[in-house]
Protein chains: 2
Amino acid sequence: MDDELIQRFADLIVGFGANVQPNQIVAIGSEPGKERLTRAIAASAYRHGAKFVDVATFDLHVKRARILYADEQSLDFVPSWYGDRMLALGDQRCARIGLTGPVAPGLLDDLDPVRVGRDHMPFLKESGEVVNARTTNWTAAPCPTPEWAALVHPDLEPSAAYALLWEQVAHLCRLDEQDPVAAWSSRMDRLTAVAERLTAARFDALHFEGPGTDLQVGLMPSSQWLTARFSTIDGLPHMPNIPSEETFTTPDPQRVFGTVTSTKPLVLSGTIVRGLKVGFEDGRAVEVTAESGGEALAALTQTDPGAARLGEVALVDREGRVGALETVFYDTLIDENAASHIALGMAYGFALADDADRARANASTIHVDFMIGSPEVDVTGLTNGGERVAILRGGDWAL
Amino acid sequence: MDDELIQRFADLIVGFGANVQPNQIVAIGSEPGKERLTRAIAASAYRHGAKFVDVATFDLHVKRARILYADEQSLDFVPSWYGDRMLALGDQRCARIGLTGPVAPGLLDDLDPVRVGRDHMPFLKESGEVVNARTTNWTAAPCPTPEWAALVHPDLEPSAAYALLWEQVAHLCRLDEQDPVAAWSSRMDRLTAVAERLTAARFDALHFEGPGTDLQVGLMPSSQWLTARFSTIDGLPHMPNIPSEETFTTPDPQRVFGTVTSTKPLVLSGTIVRGLKVGFEDGRAVEVTAESGGEALAALTQTDPGAARLGEVALVDREGRVGALETVFYDTLIDENAASHIALGMAYGFALADDADRARANASTIHVDFMIGSPEVDVTGLTNGGERVAILRGGDWAL
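Throughout, residues of each chain are indexed from 1 in the direction in which the sequence is written. Labels follow written order: the first chain is A, the first ligand is 1, and so on. Owing to the predicted nature of the model, reporting of local features is limited to residues with pLDDT of at least 70; listing and counting of side-chain atom pairs is limited to 80 or more, with chain, interface and lining totals taken over all residues. Excluding hydrogens and water, the side-chain figures rest on all heavy atoms present in the structure.

Draft legend 1. Focus on the sheet that holds strand E2 (residues 52–57) of chain A. All names here are of chain A. Within the open sheet, the 4 strands sit side by side as E2-E1-E3-E4. Their pairing is parallel. Sheet topology places E2 and strand E4 (137–142) at the edges, where each strand pairs with a single neighbour. Recorded for the sheet is a direction-independent mean angle of 15 degrees between the axes of neighbouring strands. The pairing criterion is simple: DSSP has to find at least two bridges between the two strands. Secondary structure follows DSSP: runs of H or I at least 4 residues long count as helices, runs of E at least 2 residues long count as strands, and numbering of each begins at the N terminus. Pairing between strand E1 (residues 25–30) and strand E3 (residues 95–100): 4 bridges, direction parallel. Pairing of Gly-29 across the sheet is with Gly-98, part of E3. The strands touched by helix H1 (residues 3–17) are E3 and E4; relative to E4, the strand with the most contacts, the crossing angle is about 155 degrees. With axes taken as lines fitted to C-alpha atoms, and helix axes fitted only over the stretch in contact, angles between N-to-C directions fall between 0 and 180 degrees. Only heavy atoms matter for contacts: two residues are in contact if any of them lie within 4.5 Å across the pair.

Written as structure tokens, this is what we have:
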């Protein structure tokens, strides 16, 4: 990737994704190995009038040392200033930008999964509060690294793998369009129209059916289907994920039944969970197994009472660019846009129109998405009257 | 440098320099390019029982973008959570570790020096408060990088320069001794004895005389000569600088007269100041010139009323290991230990025994050391009775 592509990407992230305004403080969450894009984003933010760019770098190698050596009782400790800073970002109406993509895949795989599961950093419970309060204009975007490229394209030479990953990310983010912002606006118009039809249908539940999957996810009476066309409480539009191809809502955490099998691997703070199978009873994930890495997720579901219940359900068609690449990216931000998914843990209250429903939405310190959709998984809406309405068939909207 | 040397260094920094205690939070200040030593320090801290290791990384490239593009009026802005975190580190009795050594020498040299001078980050005024309150056990140590090595040894191949810099840093830090802690204890015993004799002498002023230098620095009645053998208010010993070869005190900010010429280059947030000459009248630096980079320092002296007055005077003999290497390291932490020096800006109140003197000590948001000593510069103590007492002659203690 050349400097021009990096700058186009930085400008899309800053100008369209986060929609940085003059005089805003801009917080960037980055990792060692992502310096080049981070610096380009910082420069773009300052060109857009930012008052200060605050880069917070999280190093998974330091987390590894903690899990290896720290006292087990201290592994869930978070210094007070982490949460204080996050809340201040909201109070001071800052912009937030996060860069995804694994820089050290598998780094925690050989560690005790119970200890791994106790340390949730860099995730902060306050970030969920700030998202729900809609006080920050924020976005997350993928940052290719050589280590990530080797994971996605293990059969290629390192330099070819890195070049291909950049090419794919540029395609997914519509950077290969003459006007990436116009391309995103058009796609979001389409998804927003679907979301409006889903909301209007007022389904009581969704039924997922496919290989290893027979799952019913109850919806709330006031569940609103949303897209990544967000705006802050001050009316500032932003796009929280680039790329985003999903429409999602907040389910009923008490009414989830059946069994679901993941359709993509899940990267969990360095542990890769493959072949995940989760059994639900009365809304709770009572059985978590996997071909590999399942212990880390099972430990996470023990974090708090809400960690074993659903906080999100999302539908993804196959018109988007992610699914068409038929590539496993090992990055939830991208992979979740290839397939319908559910998330254990914290719910987004803003996807519920009614206060009583919001009070019943799932609460947790975790939020872990995993992919359950594919063209082989049918999604059907169940109405209060007992009707079955086709929503997704073969990956296409049937609604 | 091999893994064993890195680990010995990390253990010296954590176990002796900062003297990290079980259950402490440890804050590390680092930069991109210093990951290897930073991770070894984090691992050592966790092995010493740390509760959490908080790495804050400052990227000079992001600072460059700020100075290039941000509104000039915003350049001295610092987000609230930077100071809040620093004060919390004190309140919560944390350990602090900083890694020095330039990673991008000269990166700001082509920028407007007035704009460069307005942005003091990563320096925080709260760090001075916390140092003065003696609530944290802390240390700063040098971290060799290839970019720094190329600056120090421009005539060598990059890999040879890097290897030599590591070898020199290991020597300076007594890592080539079988027991580095014992070596440091012996050296600090020697310097502490000199400091005690200087304090007992109760000089009214010091007189520096050498090429381009004829400077009198007034002392306070209660000025105490200290070494880097520090302890916190809770009695926890630590060594704030590794290496350290100096004894220092807090001067009278009103009584500094004459002219001084720097004897080593000064690296100032990416700008290298060479051939610095400062004229003092009634304690104030009224004339600041340099062969290069002088504008950045001149702008810094305009920061606040105390920025043009002295906050520190330090004496260095030639028994230490830094001077003997006859190398300019472009890192104040090391270079100041080759030579006697003075600092513009904030004074350390704890070097004054008397409340009235402490109230008169210099206050500023800056603290900039520059080297004024060499074997060619004589240092003489002036007593209240008008006597002249030799302190340093040819770099050796004469006291």
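Draft legend 2. Layout of helix H9 (residues 180–201) of chain B. Residues and elements named next belong to chain B. One fewer than the residue count of a helix, multiplied by 1.5 Å, yields its expected span. Its 22 residues place the ends of H9 32 Å apart at the C-alpha level, agreeing with the 32 Å of an ideal helix rising 1.5 Å per residue. The complete set of buried residues in H9 reads Pro-180, Trp-184, Arg-187, Met-188, Leu-191, Thr-192, Val-194, Ala-195, Leu-198 and Thr-199. Where H9 is buried, its residues meet helix H1 (3–17), helix H8 (158–172), strand E9 (246–249), strand E15 (310–316), strand E19 (388–393) and strand E20 (396–397). Once H9 ends, the next one or two residues include Arg-202, with phi positive near 50 degrees. Whether a residue is buried, partly exposed or exposed follows from its accessible area with a 1.4 Å probe, protein chains only, as a fraction of its type maximum: under 20%, in between, or over 50%, in that order.

Draft legend 3. Structural view of the nonpolar core. In these notes, a set of buried Ala, Val, Leu, Ile, Met, Phe, Trp, Tyr and Cys residues joined through side-chain atoms within 4.5 Å is what counts as a nonpolar core. In terms of nonpolar packing, the biggest core is built from 144 residues, with Val-53 of chain A together with Val-53 of chain B touching the most fellow members. Aside from chain neighbours lying at most four places away, what touches Val-53 of chain B is Val-62 of chain A together with Val-26, Ile-28, Ala-42, Ala-45 and Tyr-46 of chain B.

Draft legend 4. Main features of unusual backbone geometry. Residue Pro-122 of chain B follows Met-121 of chain B across a cis peptide bond; omega there is 10 degrees. Its place among the elements puts Pro-122 of chain B in the loop between helix H5 (113–118) and helix H6 (125–133). The linkage connecting Ile-242 of chain B with the following residue, Pro-243 of chain B, adopts the cis geometry, with an omega of 0 degrees. Here Pro-243 of chain B lies in the loop between strand E8 (237–238) and E9. A positive phi angle is found at Arg-134 of chain A, which is not glycine, with a value near 55 degrees.

Draft legend 5. Just the pattern of salt bridges, in detail. For salt bridges, the criterion is a side-chain nitrogen of Lys or Arg within 4 Å of an Asp or Glu carboxyl oxygen. Applying the stated criterion to the full structure yields 52 salt bridges over all chains. Two residues, Arg-187 of chain B and Asp-317 of chain B, come together in a salt bridge whose shortest N-O distance is 3.0 Å. With Arg-187 of chain B in helix H9 and Asp-317 of chain B in the loop between E15 and helix H11 (321–324), this residue pair connects regions lying 130 residues apart in the sequence. Classification of Arg-187 of chain B by relative accessible area gives buried; the value is 7%. Its relative accessible area of 3% is what places Asp-317 of chain B among the buried residues. Through salt bridges with shared partners, one network takes in Arg-174, Arg-187, Arg-190, Glu-245, Asp-317 and Glu-319 of chain A.

Draft legend 6. Fine view of the sheet that holds strand E16 (residues 341–345) of chain B. All names here are of chain B. In space, the 4 strands of this open sheet follow the order E9-E15-E16-E17, with antiparallel pairing throughout. If you trace the sheet from one side to the other, it starts and ends with E9 and strand E17 (367–371), each paired once. Averaged over all neighbouring strand pairs, the angle between strand axes comes to 20 degrees, with direction disregarded. As judged from the 4 bridges shared by E9 and E15, these two strands associate in the antiparallel manner. Bridge pairing in E15 places Glu-246 opposite Val-316.

Draft legend 7. The arrangement of the state of the cysteines in detail. All names here are of chain B. In this description, a disulfide is simply a cysteine sulfur pair whose atoms lie within 2.5 Å. Counted by the stated rule, this structure contains 0 disulfides over all chains. Here Cys-143 stays unpaired: no disulfide links it, and the sulfur of Cys-173, its closest cysteine neighbor, is 11 Å away. The class of Cys-143 is buried, set by a relative accessible area of 3%.

Draft legend 8. Region of the structure containing the interface of chain B and chain A. Across the contact, 34 residues belong to chain B and 34 residues belong to chain A. Defined here as a combined quantity, buried area equals the accessible surface (1.4 Å probe) lost by two parts on assembly, summed across both. Both sides together, the interface formed by chain B and chain A hides about 3100 Å², and carbon and sulfur atoms give 69% of it. The partner of Asp-59 of chain A in a salt bridge is Arg-39 of chain B, with the nearest N and O atoms 2.7 Å apart. Definition of a polar contact: a pair of N or O atoms within 3.5 Å, with one able to donate and the other able to accept a hydrogen when the atoms are protein atoms, and with sequence-neighbouring residues admitted only if both atoms are side-chain atoms. Applying the counting rule to chain B against chain A returns 8 residue pairs in polar contact (both at pLDDT 80 or more). Put simply, the parts of the chain that give the side of chain B that touches chain A at least two residues each are helix H2 (35–47), strand E2 (52–57), helix H3 (60–69) and helix H4 (80–91) of chain B. Across the side of chain B that touches chain A, the residue classes break down as 21 nonpolar, 5 polar and 8 charged. In this classification, the charged set is Asp, Glu, Lys and Arg, the nonpolar set is Ala, Val, Leu, Ile, Met, Phe, Trp, Tyr, Cys and Pro, and all remaining amino acids, among them Gly, are polar.

Draft legend 9. Layout of the relation of the copies chain B and chain A. Overlaying chain B with chain A gives an RMSD of 0.0 Å, the required rotation being 180 degrees about an axis along which the chain moves by 0.0 Å. Overall, the copies show the geometry of a two-fold rotation axis. Of the interface residues in chain B, 100% have counterparts in chain A that sit at the interface too, so the contact is made through matching surfaces. We place the copies in one frame by least squares, fitting the C-alpha atoms of every residue whose pLDDT is at least 70 in both.

Draft legend 10. Spatial organisation of the domain arrangement of chain A. Residue and element names in this part refer to chain A. For the purposes of this description, domain bounds are those given by an automatic or database domain assignment. As assigned here, chain A comprises domain 1 (3–143) and domain 2 (180–397). Averaged C-alpha coordinates put domain 1 and domain 2 at centres separated by 23 Å. Summed over both partners, the interface of domain 1 with domain 2 comes to about 3000 Å²; 65% of that surface belongs to carbon and sulfur atoms. It is Phe-16, Arg-134 and Trp-138 that lose the most area in domain 1 upon contact with domain 2, and together they represent 21% of the buried surface on that side. The tally of links between domain 1 and domain 2 comes to 1 salt bridge. With its nearest N and O atoms 3.0 Å apart, the salt bridge here joins Arg-93 to Asp-234. Summed over the shared surface of domain 1 and domain 2, the result is 14 residue pairs in polar contact (both at pLDDT 80 or more). Every element with two or more residues in the side of domain 1 that touches domain 2 is listed here: H1, helix H3 (60–69), helix H5 (113–118), helix H6 (125–133) and E4. In terms of residue count, the dominant contributor to the side of domain 1 that touches domain 2 is E4 (6 residues). Partitioned by chemical class, the residues of the side of domain 1 that touches domain 2 number 20 nonpolar, 15 polar and 6 charged.

Draft legend 11. Layout of the packing of aromatic side chains. Pairing of aromatic rings covers Phe, Tyr and the six-membered ring of Trp, with a centre-to-centre limit of 6.5 Å; geometry is then stacked below 30 degrees between planes, edge-to-face above 60, and tilted otherwise. Under the counting rule described, the total for this entry stands at 14 aromatic pairs over all chains. Look at Phe-9 of chain A and Trp-166 of chain A: their rings are 6.1 Å apart centre to centre, the planes differ by 85 degrees, and that puts the pair in the edge-to-face class. On the criterion of sequence distance, the pair formed by Phe-9 of chain A in helix H1 and Trp-166 of chain A in helix H8 (residues 158–172) is long-range, its members being 157 residues apart. In this structure Phe-9 of chain A comes out as buried when scored by relative accessible area, which is 0%. Under the relative-accessibility criterion, Trp-166 of chain A is labelled buried at 3%. Seen from their ring centres, Tyr-348 of chain B and Phe-350 of chain B are 5.4 Å apart, and the 20 degrees between their planes marks the pair as stacked. Classification of Tyr-348 of chain B as buried rests on a relative accessible area of 16%. Through a chain of ring-to-ring contacts, three or more aromatic side chains come together here, namely Trp-138, Phe-230, Phe-248, Tyr-348 and Phe-350 of chain A. Taking the ring centre of Tyr-69 of chain A as reference, the NZ or CZ of Arg-47 of chain B above it sits at 5.2 Å. Its end group placed over the ring of Phe-77 of chain A, Lys-51 of chain B keeps NZ or CZ at 4.2 Å from the ring centre. Geometrically, a lysine NZ or arginine CZ counts as sitting over a ring once it is within 6 Å of the ring centre and also within 35 degrees of the ring normal.

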